[in-house]
Amino acid sequence: MIDFCILGSGMAGSTIANLLSKNSSVEVFDKARGAGGRSSNRRFKDGASFDHGLQYISPKNKLFKKFLINLEKKNIIKKWRGNHLDLSLRIKSFKDKYIGKKSNSDIPKYLVKNIVTRYKSRVDKIVFKNDHWTILVNDKIYQCKNLVLTCPYPQMIKLAKKYLKKNFLKEKIIMQPNMTAMIALKRNYNIPISSIRFKNKILGWATNENSKKRFKTNFNLWTIQSNETYAKKTINMYKRKKNFCLQKITKEFLNILGLKNSEILFKELHGWRYSHNKGSLKLNSYWDKKIRLGLCGDWFNGPRVEDAWVSAQDLYKKIKR
């Protein structure tokens, strides 16, 4: 029987899996095609790709920064330099911007590289009985002594509500959505901008993927994220009106660059229904020793990717007590 089953392979899932695997048997399950969670990367062609989730990491936690510096030494991540424009006029609190050497899913991939991972594995049901957990995955049954969930809060509640303590269920957690467009322009304009933060009715952020210097291409790739207001307005209808939402975002962006729609070679839209939690809880993770059920994720303590790492570290300490 497996010691720990981990549901989710984003930053929280990959971190807790890596920590636990040093002394226990661990298996990771994820409905996606690979590790990463919200740090997902979408391939285009000839090695070019879009980071259509996490854009970069700017550490403020000292231990997390030490963790990143170690990964930089191992050539897993690098600093993202260049001209980062802030048209929103927000005060910049963090200077260093770290990105994956190949993609922003490089950190989760590195953390689970020696762990049994089962992708394209959608967990339909979890049951605690006879002092162990049984999980139903793609009509297959797996059993484990301990279970850790790292999925977004609404998905976690759907799976585990009957096993959670009443006080925890009273917590008010509202996950915020995000709409992300990916476009490839027919020509590489060599625009001397790495990223742009907007104060706009639709747009929130745009990344010049070419500026990350991961690939060489004749095309110009951009990842464009909507602002929170537009995402809330469209997230429930975007699958039905995908072209409409995509056109709105791309048109607004092209107008800013002074380009025409005919310059677009490729475009795609991804909606993140449960992108992040703007607020934070009083606790960084959840552990029920009696039934050996753990929860961790960035929705415990904030919207930043390091919040997921901090949450996983906190859960590990609780498990080992």
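Residues numbered from 1 in each chain as written. Predicted model: local features only at pLDDT ≥ 70, side-chain atom pairs only at ≥ 80, totals over all residues. Heavy atoms only, no water.

A few words on the pattern of salt bridges. Enumeration over the complete set of coordinates arrives at 13 salt bridges. In this structure, aspartate 298 and arginine 38 form a salt bridge, with 2.1 Å as the shortest nitrogen-oxygen distance. With aspartate 298 in the loop between strand 18 (293-295) and helix 8 (305-320) and arginine 38 in the loop between strand 2 (26-29) and strand 3 (41-43), this pair connects stretches of sequence that are 260 residues apart. By relative accessible area, aspartate 298 is classed as buried at 11%. (Salt bridge = Lys/Arg side-chain N within 4 Å of Asp/Glu carboxyl O. Helix = DSSP H or I, 4+ residues; strand = E, 2+ residues; numbered from the N terminus. Buried < 20%, exposed > 50% of the residue type's maximum accessible area, 1.4 Å probe, protein only.)

Another point: the nonpolar core. Counting 35 residues, the largest nonpolar core has Ile6, Ile16, Leu68 and Ile107 as the members making the most contacts within it. With eight residues, the single largest contributor to this core is helix 8. In this structure leucine 68 touches Ile57, Pro59, Ile77, Tyr98 and Ile107, once residues within four positions along its chain are discounted. Judged by nonpolar contacts, the second largest core, of 31 residues, contains Ile2, Met156, Ile157 and Phe300. (Core = buried A, V, L, I, M, F, W, Y, C linked by side-chain atoms within 4.5 Å. Contact = heavy atoms within 4.5 Å.)

For the rest of this paragraph, the subject is the packing of aromatic side chains. Counting across every chain of the model gives 18 aromatic pairs. What links up through ring pairs into an aromatic cluster is the set Tyr153, Phe168, Tyr286, Trp299 and Phe300. One Lys or Arg, lysine 97, reaches over the ring of tyrosine 56 and ends 5.1 Å from the middle of that ring. (Phe/Tyr/Trp six-rings, centres within 6.5 Å; stacked < 30°, edge-to-face > 60°. Lys NZ or Arg CZ within 6 Å of the ring centre and 35° of its normal.)

Our focus in this paragraph is the sheet that holds strand 13 (residues 195-197). On the basis of which strands lie adjacent, the open sheet formed by six strands has the order 6-13-14-15-12-16 and mixed pairing. The outermost strands of the open sheet, each flanked by one partner alone, are strand 6 (84-86) and strand 16 (264-277). Each strand of the sheet is rotated relative to its neighbour by a mean of 15°, with strand direction disregarded. Bridge analysis of strand 12 (residues 175-185) against strand 16 gives 10 bridges, and the strand direction is antiparallel. Across the sheet, the residue bridging to asparagine 178 is tryptophan 272, located in strand 16. (Pairing = 2+ DSSP bridges. Axes fitted to C-alpha atoms, helices over the stretch in contact; angles between N-to-C directions.)

Our next topic: the side chain of aspartate 288. Within the secondary structure, aspartate 288 sits in strand 17 (residues 286-288). Summary of buried charges: aspartate 288 has no salt-bridge partner, and the nearest side chain of opposite charge, lysine 165, is 4.6 Å away. One polar contact links the side chain of aspartate 288 to the main-chain amide nitrogen of lysine 290, over a distance of 3.1 Å. If we skip the residues at most four places from it in the chain, aspartate 288 touches Tyr163, Lys165 and Leu293. (Lys, Arg positive; Asp, Glu negative; His and termini not counted. Polar contact = N/O pair within 3.5 Å; in protein donor to acceptor, adjacent residues only side chain to side chain.)

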